[in-house]
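Summary of structural features
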Amino acid sequence: MKVSLQPALNDGNLDANQLNSQRQLGISISAIAEALDRNVPLNLCLILDHSGSMHGRSLETVKKAAIRLVDRLNSGDRLSIVVFDHRAKVLVPSQVIENPEKIKQLINHLSADGGTAIDEGLRLGIEELAKAKKDTVSQAFLLTDGENEHGDNNRCLKFAELAASYNLTLNTLGFGDNWNQDVLEKIADAGLGTLSYIQKADQVVEEFSRLFRRIQTVGLTNAYLLFSLMPNVRLAELKPIAQVSPDTIELPLQQEADGRFSVRLGDLMKDAERVILANIYLGQLPTGEQAIANVQVRYDDPAANQVGLFTPNIPVYAHVVKNYQADLNPQVQHSILALAKYRQTQLAETKLQQGDRTGAATMLQTAAKTALQMGDQGAATVLQNSATSLQAGQDLSESDRKKTRMVSKTVLQDTPPT
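Residues numbered from 1 in each chain as written. Predicted model: local features only at pLDDT ≥ 70, side-chain atom pairs only at ≥ 80, totals over all residues. Heavy atoms only, no water.

Bringing the layout of surface pockets into the picture now. Within this model, the second largest pocket holds a volume of roughly 570 Å³. In terms of lining residues, the second largest pocket is bounded by 24 residues, among which Lys186, Asp189, Ala190, Ile249 and Glu250 are the most central. Of all elements in the fold, only α4 (153–165), α5 (181–190), β13 (249–250), β15 (261–269) and α7 (330–353) reach the threshold of two or more residues within the lining of the second largest pocket. Across the lining of the second largest pocket, the residue classes tally to 10 nonpolar, five polar and nine charged. (1 Å grid on protein atoms, 1.4 Å probe; cavity = no way out; pocket = protein on both sides within 12 Å on 5 of 7 lines; lining within 4 Å. Points joined across faces, edges and corners; volume = space filled by probe spheres on them. Helix = DSSP H or I, 4+ residues; strand = E, 2+ residues; numbered from the N terminus. Nonpolar A, V, L, I, M, F, W, Y, C, P; charged D, E, K, R; others polar.)

This is how it looks when you write it as structure tokens:
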């Protein structure tokens, strides 16, 4: 397994006459499968809400989806299941599947009752995942349909950060319309997983299958992007780094002992790009090809039982010219639009919370236009519909709010049948 690492500036030319310039550095990273690679065992934990509000078809479809995953695990894969209402318990301790029928029986016996304590479920799930994280792809699916009424949301976020420090990936699934989007999104972002919105019960099996296919493509783990900037080059002070694909996430920046900056990437999927965007400022530079940065990835290869591997250190160049003409990179330009769509929608949400409906509608319209520019017709429709509702004096339903946030983070794609 190798790493593809491809940096590019949104505009490769710089004006030698400018005292200061701003550029976006797009960095595409993915795992590249090789012929002799063996599959990495999965270490999957399902953290499932079975509170009273899940009664009936909701819980039955979740149980069906969980049973389908039991059938899809390969020899050597590990599974654990944690369930929670206002308490949490380990239904299936972390294990290699040897008796799938017994596990299915335990799932089938689940019934809906009680309140909701997401943080306790998350705590036990992380403990189960941590037992078998060595040389595996360790991911959790956390599904809930409600608020964390018997728990502490700040505790959830601390657990998510703990999971990240253990190199565990957290995916969250919001079921119905009554879950807390801020909490589930922050858990998924901290765990470098994905947030899914399951509006109807019949979408559960499909969404579990989509996420399962995604984690099956993970080839490398514990990846970090490392980069250094040349003199006269600096990062933007506010929100300098973001991931824009497959989901948009504002990323925290750390400084390594050697002075380089690092950004946690987590798991790298085979032949599927992780795209990072850095906002940088450059002072005046002499004409010619000028190195402005170096980028490198540190990662683990669980299939080869190797940790702390490094890609070659790749320099990033800008072409400094006296007679400036733009040399735009369409891929990086697309990434800039994806980040703008996300931030514009966030600003609209802030304005709505402040009671500024007109301002919120205007920002949503702007985000819709940005989505159209990047060819994301689905997001443009959702964002414009929300703007139109606000302009007509209507309140956005919980469903509309959640759809609006979801389309701001990613380009929604149809899920193929399983």
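Another aspect to go through is the packing of aromatic side chains. Within this structure, the stated rule accounts for three aromatic pairs. Consider the rings of phenylalanine 141 and phenylalanine 208, whose centres lie 5.7 Å apart with planes at 75 degrees: the pair is edge-to-face. Taken together, the residues phenylalanine 141 in strand β7 (residues 137–144) and phenylalanine 208 in helix α6 (residues 204–216) connect sequence positions 67 residues apart. Note on accessibility: phenylalanine 141 and phenylalanine 208 belong to one class, buried. (Phe/Tyr/Trp six-rings, centres within 6.5 Å; stacked < 30°, edge-to-face > 60°. Buried < 20%, exposed > 50% of the residue type's maximum accessible area, 1.4 Å probe, protein only.)

Counted according to the given criterion, the structure contains 23 salt bridges. Glutamate 101 is paired through a salt bridge with lysine 104; the nearest N and O atoms lie 3.3 Å apart. With glutamate 101 and lysine 104 both in helix α2 (residues 100–108), this residue pair falls three residues apart, about one helical turn. By relative accessible area, glutamate 101 is classed as partly exposed at 46%. As a salt-bridge pair, glutamate 120 and arginine 123 come within 2.9 Å of each other at their nearest N and O atoms. A residue pair is termed a helical-turn pair when its members lie 3 or 4 positions apart in one helix, as glutamate 120 and arginine 123 do in helix α3 (residues 118–130) at three residues. A cluster of three or more residues bridged by salt bridges with shared partners is formed by Asp182, Glu185, Asp189, Glu349, Arg405 and Lys409. (Salt bridge = Lys/Arg side-chain N within 4 Å of Asp/Glu carboxyl O.)

Reading across from one edge, β6-β5-β4-β7-β8-β9 is the order of the six strands in this open sheet, with mixed pairing throughout. Of all the strands in the sheet, the pair left with one neighbour each is β6 (88–96) and β9 (192–198). Ignoring which end each strand starts from, the neighbouring axes of this sheet average 10 degrees apart. With seven bridges connecting them, strand β4 (residues 42–49) and strand β5 (residues 78–84) associate as parallel partners. Paired with leucine 48 across the bridge in β5 is valine 83. Seen against the sheet, α6 touches β4, β7, β8 (169–175) and β9 and runs at an angle of roughly 165 degrees to β9. (Pairing = 2+ DSSP bridges. Axes fitted to C-alpha atoms, helices over the stretch in contact; angles between N-to-C directions. Contact = heavy atoms within 4.5 Å.)

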